[in-house]
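Breakdown of the fold
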Amino acid sequence: MTNLDQLSQSLARNLRRLRTERGLTLDALAARAGISRGMLIQIEQARTNPSVGTVVKVGDALGVSITTLLDFDQAPKVRLVPAEQAVRLWSTEAGSHSTLLAGTEAPGPLELWEWRLMPGEGSASDPHPVGTSELVHVTAGVLTLGLDGVDHEVPAGASASFESHVPHAYRNDGTEPVEMTMAVSVPGYTH
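Residues numbered from 1 in each chain as written. Predicted model: local features only at pLDDT ≥ 70, side-chain atom pairs only at ≥ 80, totals over all residues. Heavy atoms only, no water.

1. Describing unusual backbone geometry
Using the following cut-off: In DSSP terms, a helix is any run of H or I states spanning at least four residues, a strand is any run of E spanning at least two, and both are numbered starting from the N terminus. When accessible area is computed with a 1.4 Å probe and restricted to protein chains, residues below 20% of their type maximum are described as buried, those above 50% as exposed, and intermediate ones as partly exposed.
With phi around 55°, A46 is a residue other than glycine that occupies positive phi space. Looking at the secondary structure, you find A46 in the loop between α3 (37–44) and α4 (52–62). In this structure A46 comes out as partly exposed when scored by relative accessible area, which is 24%. In the Ramachandran plot, D148 falls in the positive-phi region, its phi being about 55° despite a non-glycine side chain.

2. Section: the pairing of strand β7 (residues 150–155)
Our working rule: Paired strands, in this sense, are two strands between which DSSP finds at least two bridges.
With six bridges joining them, strand β6 (residues 142–147) and β7 adopt antiparallel strand pairing. Looking across to β7, one finds that L147 is bridged to V150. Hairpin connection from β6 to β7: two residues lie between these consecutive antiparallel strands, with D148 at a positive phi of about 55°.

3. A short note on the packing of aromatic side chains
As a reminder of what qualifies: Two rings belonging to Phe, Tyr or Trp (six-membered ring only in the last case) form a pair when the distance between their centres is within 6.5 Å. Interplanar angles under 30 degrees mark stacking, angles over 60 mark edge-to-face geometry, and anything in between is tilted.
Counted by the stated rule, this structure contains three aromatic pairs. With a centroid separation of 5.4 Å and 40° between ring planes, the pair formed by W90 and W115 is classed as tilted. Here W115 lies in strand β3 (residues 110–117) and W90 lies in strand β1 (residues 87–91), a separation of 25 residues in the sequence. Looking at W115, the relative accessible area reads 9%, which means it is buried. Note on W115 and Y170: the rings are 5.3 Å apart at their centroids and 50° apart in plane angle, and the pair reads as tilted. Here the residue W115 occupies a position in strand β3, and Y170 occupies one in strand β9 (residues 168–171), the gap between them amounting to 55 residues. As far as the burial class goes, W115 and Y170 line up, both buried. Site record: aromatic cluster; members linked through ring pairs are W90, W113, W115 and Y170.

4. Brief notes about the layout of surface pockets
This is how it is decided: Here the term cavity refers to a set of points on a 1 Å grid, laid over the protein atoms alone, in which a 1.4 Å probe fits but cannot get out; the term pocket refers to an open set having protein on both sides within 12 Å along at least five of seven lines, with lining residues being those that place an atom within 4 Å of a point. Grid points are joined across faces, edges and corners, and a volume is the space filled by probe spheres set on the points. Following the grouping adopted for this structure description, the nonpolar residues are Ala, Val, Leu, Ile, Met, Phe, Trp, Tyr, Cys and Pro, the charged ones are Asp, Glu, Lys and Arg, and the polar ones are all others, Gly among them.
In this model, the largest pocket occupies a volume close to 660 Å³. Together, 36 residues line the largest pocket, and V56, D60, S125, D126 and H128 are the ones closest to its centre. Elements with a contribution of two residues or more to the lining of the largest pocket: α2 (26–33), α4, β3, β4 (122–125), β9 and β10 (178–185). With seven residues, α4 is the largest single contributor of residues to the lining of the largest pocket. Tallied by class, the residues present in the lining of the largest pocket amount to 19 nonpolar, 11 polar and six charged.

Shape is all these values report; function is a separate question.
Rendered as structure tokens:
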């Protein structure tokens, strides 16, 4: 079984469990996540490898992090995530990528990411649920952070924090790679 197959199986199992725990029908969760019922069925039956955007929408709708959806063991008090278990969720041929390093559920979902954006590349995100916050620390290059239609330059060594319930994007408009670490805090699930 490939890593992708394992991710699909974990996602299917966790999605069914979390949806059932919350008493949500397929229709209700699909509406809440803004995806089709058919797509949700395919994910629950491990018949598709959904896009990162779709997985984020499902996680947001359930009030859990991508880490939880992808089934990292949550039991130990200290959970070490070896480098080889970090999950690369987005990449381009030019070398841009985002990697989910770790995540936790208490008091609400919290994710730690590592990003690299090559010159001229970027990644846009749909709005997250109200109450979602992101922290970004740039270690190389100059990040252009687009937030609700306004661009902000974040140079190496600087950090930015913002509420991400509006459209937002990360871009590299410069000539050298941008490297950054990001933390995303999502509000817990509410009925």
